[in-house]
Amino acid sequence: MEASWQYTGAEPVKIKKFLQSLGMGHRLFNDIKKGEGEFLVDHRPVRPTTKILPNQPLTIRVKPEPADPTVAVSHDPLQVVYEDDNWLVIDKPAGVTSIPGPGVANGTILNRVTGYLIDQQSPDQRPHLITRLDRDTGGLLLVAKHRVASSMISQQVQQHQMVKEYTALVSGHFTADHGTIDQPIDRVAGQVRRVVADDGQQALTEYWVEDQGDDWARVRVRLHTGRTHQIRVHFAAIGHPLLGDALYGGDTSRVDHQLLHASHLAFLDPFSRRQLSFTSPLPAVFNEIMV
């Protein structure tokens, strides 16, 4: 894998500092330094301690990653919303698991993307899922096609700079059009459920009420943290569980899974330095209830 950037600063800067400013993590830099790749300035190999001058190009070359032999290869279909040399944006249907786990060894998004890269004869065949969704939550997922992309986006993930918005159908009515839920979330020992608890991890959810019916409300939700089941736990905690969410007390009389859809995703592409933004339409089941 090869990627290049033009240094536009006014003063010389070390390669490491420049790459860190673009988002690269310490681990990948050290891997390249130890022989997993090379640094080039003006198309010539240089030492990792080299300083780049204003307007000089920096290129990194990294050895490709073969497919993980522990991950089964699936050729099940993928709905690809966007693809370039570095990224895949996938529109995941509800009912498909993101990664293999107990009882689900194949057919997940990770298995499918692995098969997709192999079919493309990509030199890198070990995808990295940057965002994940619960099995019964559909919508947009970001996949890095190689470890350089995974490293370069990690800073945005850790600092919650990536925009992730969801659409949910919840029970009940709201009197305000906008609100935040700032309540810590913790595990329940021996269970998949999560709960609001004073000693849990900090969790912040922001929402906007976009439409309401007799017994439902459609809300646009933005995550400012990334806790497991965060949206489901938070809305149940304020008395508005998601429709279909049996695990958190939602009404299952009309649908058998939580009505939650990852409808918007945006991030700064560390390669092109452009903002990339994507939307996904709501599944038909949402519209069938909003009548």
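A brief look at the structure comes next.

## Details of the overall build of the chain
In terms of regular secondary structure, the chain is built from six helices and 18 strands. Classification of the 291 residues of the chain by burial places 48% in the buried group. If you take every contact in the chain between residues at least 6 apart in sequence, the share linking residues at least 24 apart comes to 64%.

## So, the packing of helix 2 (residues 26-36) against helix 4 (residues 147-158)
Remark: helix 2 packs on helix 4, axes separated minimally by 10 Å, with the N-to-C direction vectors making an angle of 145°. Taken together, the residues of helix 4 that come into contact with helix 2 (itself represented by Leu28, Asp31 and Glu36) are Arg147, Val148 and Ser151. Tallied by class, residues from the contact of helix 2 with helix 4 come to two nonpolar, one polar and three charged.

## Concerning the sheet that holds strand 3 (residues 37-41)
Pairing is antiparallel in the open sheet, where four strands are placed in the order 1-6-3-4. If you trace the sheet from one side to the other, it starts and ends with strand 1 (2-6) and strand 4 (44-46), each paired once. Each strand axis lies, on average, 30° off the axis of its neighbour in the sheet, ignoring direction. Across five bridges, the pairing between strand 3 and strand 6 (residues 57-62) is antiparallel. Across the sheet, residue Leu40 finds its bridge partner in strand 6, namely Thr59.

## A look at the pairing of strand 7 (residues 80-83)
As paired elements, strand 7 and strand 8 (residues 87-92) share three bridges and run antiparallel to each other. Bridge pairing in strand 8 places Glu83 opposite Leu88. Here strand 7 folds back onto strand 8 in antiparallel fashion, the turn holding three residues.

## Overview of the environment of Met24
Examined against the element boundaries, Met24 turns out to sit in the loop between helix 1 (15-22) and helix 2. Residue classification places Met24 among the buried positions, given a relative accessible area of 4%. Sequence spacing of Met24 and Pro270 is 246 residues, and the spatial spacing of their C-alpha atoms is 9.0 Å. Setting aside residues up to four positions removed in sequence, Met24 forms contacts with Leu19, Phe29, Ile32, Ile60, Ser151 and Met152.

## With respect to the side chain of His257
Secondary-structure assignment places His257 in the loop between helix 5 (230-237) and strand 17 (260-268). Given the relative accessible area of 18%, His257 is considered buried. At a separation of 3.2 Å, a polar atom in the side chain of His257 contacts the side chain of Asp256. Setting aside residues no more than four positions away along its own chain, His257 makes contact with Ala94, Asp136, Leu243 and Gly244.

## Here's the deal with helix 4
Every α-helix winds through 3.6 residues per turn, so residues three or four apart in the chain are directed the same way. Given a rise of 1.5 Å per residue, twelve residues ought to cover 16 Å, and the 16 Å separating the end C-alpha atoms of helix 4 matches this to within 8%. Those residues of helix 4 lying buried are Arg147, Val148, Ala149, Ser150, Ser151, Met152, Ile153 and Gln156. A positive phi of about 55° marks His160, the residue just after helix 4.

## Here's the deal with the pairing of strand 8
By the criterion of burial, strand 8 is predominantly enclosed, with six of the six residues buried. Neither face of strand 8 is open: one carries Trp87, Val89 and Asp91, the other Leu88, Ile90 and Lys92, and all of them are buried. Relative to strand 10 (residues 138-144), strand 8 is paired through six bridges, and the arrangement is antiparallel. Bridging across to strand 10, Leu88 finds its partner in Val143.

## Quick word on helix 3 (residues 109-119)
A large share of helix 3 lies buried, amounting to eight of its eleven residues. Turning to helix 3, its buried residues number three or more, namely Ile109, Leu110, Asn111, Arg112, Val113, Thr114, Gly115 and Leu117. Against strand 8, strand 9 (128-129) and strand 10 lie the buried residues of helix 3. Just downstream of helix 3 lies Gln121, where phi reads positive at about 55°.

## Examining the environment of Val192
Inspection of the secondary structure puts Val192 in the loop between strand 13 (185-187) and strand 14 (194-196). As a C-alpha pair, Val192 and Leu247 span 55 residues in sequence and 9.1 Å in three-dimensional space. In contact with Val192, not counting residues within four places along its chain, are His229, Leu247 and Tyr248.

## Observations regarding unusual backbone geometry
In the Ramachandran plot, Asp42 falls in the positive-phi region, its phi being about 55° despite a non-glycine side chain. With respect to the helices and strands, Asp42 occurs in the loop between strand 3 and strand 4. Residue class for Asp42 comes out partly exposed when judged on its relative accessible area of 29%. For Gln121, which is not glycine, the phi torsion reads 55° and is therefore positive. Among the residues examined, Gln121 registers a relative accessible area of 69% and is labelled exposed.

Definitions and cut-offs
Starting from 1, residues in each chain are numbered consecutively following that chain's sequence as written. For a predicted model such as this one, the threshold for reporting local features is a pLDDT of at least 70, and the threshold for listing and counting side-chain atom pairs is 80 or more; totals across whole chains, interfaces and linings nevertheless cover every residue. Only hydrogens and water are removed before side-chain values are computed, so all heavy atoms of the structure are retained for them. Secondary structure counts use DSSP, requiring at least four H or I residues in a row for a helix and at least two E residues in a row for a strand, with both numbered from the N terminus. When accessible area is computed with a 1.4 Å probe and restricted to protein chains, residues below 20% of their type maximum are described as buried, those above 50% as exposed, and intermediate ones as partly exposed. Only heavy atoms enter the contact rule, under which two residues are in contact if any of them lie within 4.5 Å. Axis lines are fitted through C-alpha atoms, for helices just across the contact stretch, and the angle between N-to-C directions can take any value from 0 to 180 degrees. Residues are grouped as follows: nonpolar covers Ala, Val, Leu, Ile, Met, Phe, Trp, Tyr, Cys and Pro; charged covers Asp, Glu, Lys and Arg; every other residue, Gly included, is treated as polar. When DSSP locates at least two bridges between a pair of strands, those strands are taken to pair. By the criterion applied in these results, polar contacts are pairs of N or O atoms within 3.5 Å in which, for protein atoms, one can donate a hydrogen and the other can accept it, and in which residues neighboring in sequence qualify only through two side-chain atoms. Helix span, as expected, comes to 1.5 Å for every residue beyond the first.

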